[in-house]
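# Structural features, examined
In case you want the letters, here they are:
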Amino acid sequence: MKKILFIVLGLVILILSFLTYNGLFREIHVVEKEVPGYSLMSLDFKGPYHQIGETFERLKSTCEQHNIKQDFIGIYFDNPDEVAEEDLRSKACAIVNSGDSAKLAALGCSAYQLPAGSALTVDWHYTNGIEMLIGIFKSYATLGEYSATLNCRDQVGHVYERYVQDGVEFVFLKDKKE
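Below, the structure is looked at part by part. (Residues numbered from 1 in each chain as written. Predicted model: local features only at pLDDT ≥ 70, side-chain atom pairs only at ≥ 80, totals over all residues. Heavy atoms only, no water.)

Further remarks concern the overall build of the protein chain. Along the backbone of the protein chain there are four helices and eight strands. Seen in sequence order, the protein chain has helices and strands lined up from the N terminus as α-β-β-α-β-β-α-β-β-α-β-β. Overall, the C-alpha framework of the protein chain stretches about 70 × 40 × 30 Å when taken along its three principal axes. By the burial criterion, 38% of the 178 residues in the protein chain qualify as buried. Put simply, of all contacts in the protein chain between residues at least 6 apart along the chain, 71% involve residues at least 24 apart. Carbon and sulfur atoms make up 57% of the accessible area of the protein chain, which totals about 10800 Å². (Helix = DSSP H or I, 4+ residues; strand = E, 2+ residues; numbered from the N terminus. Buried < 20%, exposed > 50% of the residue type's maximum accessible area, 1.4 Å probe, protein only. Contact = heavy atoms within 4.5 Å. Areas by Shrake-Rupley, 256 points an atom, 1.4 Å probe, with all protein chains shown as cover.)

Our focus in this paragraph is the nonpolar core. Counting residues in each nonpolar core, the largest one holds 17 residues, and the members touching the most others are Leu 59, Cys 63, Ala 94 and Leu 104. When residues of this core are traced back to their parent elements, those giving at least two are β2 (38–46), α2 (53–65), β3 (72–76) and β4 (89–95). Aside from chain neighbours lying at most four places away, what touches Leu 104 is Met 41, Thr 62, Cys 63, Ile 68, Ala 94, Val 96 and Cys 109. Formed by 14 residues, the second largest nonpolar core is a distinct cluster that contains Met 132, Leu 143, Phe 170 and Phe 172. (Core = buried A, V, L, I, M, F, W, Y, C linked by side-chain atoms within 4.5 Å.)

Applying the stated criterion to the full structure yields zero disulfides. Cys 93 takes part in no disulfide bond, and the closest cysteine sulfur, belonging to Cys 109, lies 9.2 Å away. By relative accessible area, Cys 93 is classed as buried at 0%. Between Cys 109, a free cysteine, and Cys 63, which holds the nearest cysteine sulfur, the sulfur-to-sulfur gap is 7.0 Å. Residue Cys 109 is classed as buried on the basis of its relative accessible area, which comes to 9%. (Disulfide = S-S within 2.5 Å.)

With that settled, the discussion passes to unusual backbone geometry. For Asn 67, which is not glycine, the phi dihedral falls at a positive 55°. Relative to the helices and strands, Asn 67 is located in the loop between α2 and β3. Look at Asn 67 and you get exposed, because its relative accessible area is 71%. Even without being a glycine, Asn 151 presents a positive backbone phi close to 55°. You can see Asn 151 is positioned in the loop between α4 (129–149) and β7 (158–164). For Asn 151, a relative accessible area of 67% gives the class exposed.

With that settled, consider the environment of Lys 69. Looking at the secondary structure, you find Lys 69 in the loop between α2 and β3. Not counting residues within four places of it along the chain, the set of residues in contact with Lys 69 comprises Ile 95 and Asp 100. At a separation of 3.3 Å, a polar atom in the side chain of Lys 69 contacts the side chain of Asp 71. (Polar contact = N/O pair within 3.5 Å; in protein donor to acceptor, adjacent residues only side chain to side chain.)

The structure is reproduced here in structure tokens:
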């Protein structure tokens, strides 16, 4: 019995250590700042947000085939607490210049203008998928709480992720007009 207890305790310590190493207890810092607007080319996706990866892979592949710089943004339009998973709307987007816009439009992408404005942001750096998943859950929970504390959740029109070299910037853009 003691042997099983030590094994279970060892596993719990190992799992907790692994999750701690991957950011489970990392502090989240929300920054209020002005973010730039972006000219984007996008592919629409409807369904569970965690399944948008295939749409991003299609966009990435298209960009690679046509030598288009790969700076990506994921835009998430619906609150998953209020909208059924199968009805969630999102966009996989590439930040582009006008020349690349024409190339991507010819390949089935749609233009989308993400406005500049005041935003709540969280920067999360990661090195693996587990660390990224922890960042997603922690960052959105913290941004939700922070926006509720500031009583500005009604002002958030665009929720997006801007992917950078070794991380992601989570953004709650306060661009919703009353």
